[in-house]
Structures are given as structure tokens and as C-alpha cells.
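Letter by letter, the chains look like this.
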Amino acid sequence: MTIEISYENGSFIAPIKAGIVKIEGDGVGPEIWRAAEPIFLEAAKKEGFEVVFIEALAGERAYQETGSALPVATLEALKKYRIGLKGPLGTPTGGGIRSLNVAIRKALDLYACVRPVKHIPGAPSPMKNPEGLDLLIFRENTEDVYAGLEWPANSSEAQKLIQFLRDELGVQVDSQAAIGLKPMSETNSKRLIRLALAWSIREKRPSLTLVHKGNIMKFTEGAFLKWGQELTGAEFSQEAVVRAEAKENDPRLIVKDCIADNMFTQVLLRPSEYSSIAAPNLNGDYLSDALAGQIGGLGLAPGANLGEGLGVFEATHGTVPARKGLDMVNPSSLLLSGAMAFDHIGWPSVGQRIRAAIGQTIKEGFMTYDLARLAGLNPIGTMAFGQAVLSRL
């Protein structure tokens, strides 16, 4: 019996017993995995499925054992099994990679970062009415700042580029400036927006907002908006999508846009008026973390990196080295990312069971340090939280 997940006509199809690549990660990664793995196994079992975790290495442990922070075998495993679930990764000193997370996304062309942000009833929040927040963020994952095209001040590369800008384009740049480039292409922008449109229509979300800074960066972020509008008109029928302000009881997806800085104001003042967001890389990065803060923090924020027939789901917080070994960190980001993975492979009942158990645990006042301090409660540890969720599946 195969445990490999197949991919047909844009959908993942998992057998009853399915293999998922497991990357523990660095820092607190192994701790949150120890708390989460029994929950994944039991939730699948209760719904009549079986998940088999295929361990792969990345990060500090991989570097120590193989000499590579991102072994070829790990990328091959992700290609073979199609779905991966990972903890946070640091980048080892001397590893030759700026960011392991970015390296994985680039190597597998995981062009879309998808971050759902939804308040869990009972979770403490700095907002008065966090229950109004239920957003899907689609962030372009390959270009913009993720292109990694920058050079330090006074380097020969920066000075060559400054000289070119002066001589060939007549642009005056301080000779001692650091230089970075911001590439954004029609192809990569459109495939991200296409995914956001299709996903939002499928989930019957009221609107999709294209977030950009096109009033200033007219040929990059302004083009992101233009390409999105072109795509909406060319590929999606007027029966499904309309480019207009929301109308009461209109069943179609409303496609609108918002300047990036104004978007931060809008999601604070009127979060219920927004349901999906598509954004270039940097805008989406800032927004997704800021929105996570509105529901209690990154400990409750799942994330997925998706490509054609591939998906890597991950805890969205960092390695938290100061908390390593202290049994303090919330495993819910990894748990909720796993729930997303189960949804994605066609096991939505497993994902829902996990989300319900987390919600019940928090509602009853059992919280790790990150949430307990906001609620004024005594915290429980990572493993105790995991056990509490497990008992409520």
C-alpha cells in the first residue's frame, strides 16, 4: 500500500494511510513537536486515517550531521511525499544560506505563503472585539525582498550598481549607499493572485483585497494591482467575481484594493470588512504578523507555503532560543499548521478535530505563557498543553 499523496487537477489526494515529511526544526522545534505529534496521530486515528511521519533534516542538526543545513535528501523527500510539516528553523553560522525557510521555498518554488488569521474564542487579545477578525492572507513568496538582491554599503558590487545608475540612467544615488533591488514580475504576481481568487471563491469569502503601495512604487506594487485587476477580468466570470464595493447579499467575490499603510488602519478599525488579502512579499509579511498579534500572537498563527503539487506547512514563529528547554512555548502554531495540512490533503475532519480541541483547551483557561500572561492566568507548560489538547480530541 502506497503512503504517497498524489496530485491531480489541482487537488491533493491522500490514501487512508498517508506519509508527511516531518522537520523538527531548531530551538524549541523539537519541544513543540513532542507535544504535537501524539495529537496529530490520535486525531487522524479518530477519523479513520493514519499519518506516517517521514523524518527529514534541516537546520542546525542537519548541519552537524551532514555538513549541509539543507540536505538534498530533505528536498527530495518533500518532492516525493508532496506535503511537509516543520518547526522553526535557524540558519547555522557558515551555512552559506541567508535563510533556510526562504531557501526551501525557492528550491521547491513554493510561490504562495498562506496565513489564516482567526480569533479563537477565549483566547486573550489586545483588541476589544477580536472575534471580528477572520482573514486569509496570500503573500507572494519568491520576489520582492525574498529575491535577496542587495549589497552592503561601500562594497564593490554596490558601487558598480551606483555608477551604472548614474551613468546609464541619470539617477543620483549616494556613493556610500547600500543598494537593494525589488523585482516583481507579472507571472509571479498573477499566479499568487490567481490562487487567492480561486481559494476565496471556493470558500465563499465575501471579498479579496489587493494590498499594495502603488501610489509610490508605481511600476512594481502598482503593477501588482494592475495585473491583479487584469487577471480578475480575463480569467474569472462576472457570475463569480465583481470589481466593485461590497453590496449587501451579493454572492459574488468582491475584488477591491487598499494602500498598504491604510490597510493596517483598516484591519484595526474594521476587521470584519475584510476576508481575504493578496499582497506582495513584504506587505504580506508585515500584515500577517501584525494580524497575528490581534488574535493573541504568533503562537496561534499557522502558515503554509504552497507550490504546484507541493506544500510545506510550518510554525510561523521563530526558534525562540531563550525559551529552549524551558517547556514554555505554545505548540498551537505547529498544531494549527498541521490542521491546515490535513485540510489540504482531503482530511478536513482531522483538521477540524484538532482546531476544536485547541479551542476547548483555551476556553477552559489552560494556556501556555504567551497567552496566560495576557489573560492574567497561571501558565501551563508546552507538554501539559499538548496533553490537555490530546484529552479533548
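Residues numbered from 1 in each chain as written. Predicted model: local features only at pLDDT ≥ 70, side-chain atom pairs only at ≥ 80, totals over all residues. Heavy atoms only, no water.

Novice: Tell me about the pairing of strand β13 (residues 276-279), and name the residues and values.
Specialist: In β13, alternate side chains face the same way, and those of Ser276 and Ala278 on one face and Ile277 and Ala279 on the other are all buried. Relative to β13, strand β7 (residues 134-140) runs parallel, the two sharing 4 bridges. In the sheet register, leucine 136 faces β13, and the bridge partner there is serine 276. Of the strand pairs in this sheet, strand β10 (residues 207-212) and β13 are connected by 2 bridges, and their pairing is parallel. What sits directly across from threonine 209, in β13, is isoleucine 277. (Buried < 20%, exposed > 50% of the residue type's maximum accessible area, 1.4 Å probe, protein only. Helix = DSSP H or I, 4+ residues; strand = E, 2+ residues; numbered from the N terminus. Pairing = 2+ DSSP bridges.)

Novice: Account for the environment of aspartate 261, naming residues and giving values.
Specialist: Here aspartate 261 is to be found in helix α8 (residues 260-269). Overall, aspartate 261 belongs to the partly exposed group, its relative accessible area being 46%. Sequence separation between aspartate 261 and valine 211 is 50 residues, and the spatial gap between their C-alpha atoms is 9.1 Å. A polar contact is formed between the side chain of aspartate 261 and the side chain of lysine 213, at a distance of 3.3 Å. (Polar contact = N/O pair within 3.5 Å; in protein donor to acceptor, adjacent residues only side chain to side chain.)

Novice: Can you lay out the environment of phenylalanine 12 for me, pointing to particular residues and giving the numbers?
Specialist: Residue placement: phenylalanine 12 occurs in strand β2 (residues 11-13). Phenylalanine 12 sits 332 residues away from histidine 344 along the chain, and the two C-alpha atoms are 6.8 Å apart. Here phenylalanine 12 is in contact with Ile5, Ser6, Tyr7, Arg82, Ile83, Gly309, Leu310, Gly311, His344 and Ile345, once residues within four sequence places are set aside. (Contact = heavy atoms within 4.5 Å.)

Novice: So what's going on with the nonpolar core? Which residues, and what values?
Specialist: Counting 81 residues, the largest nonpolar core has Phe40 and Ile354 as the members making the most contacts within it. Ignoring anything within four residues of it in the chain, the contact list for isoleucine 354 reads Ile39, Phe40, Ala43, Leu335, Ala339, Phe342 and Leu393. Formed by 20 residues, the second largest nonpolar core is a distinct cluster that contains Ala58, Ala69, Tyr81 and Leu100. (Core = buried A, V, L, I, M, F, W, Y, C linked by side-chain atoms within 4.5 Å.)

Shape is all these values report; function is a separate question.
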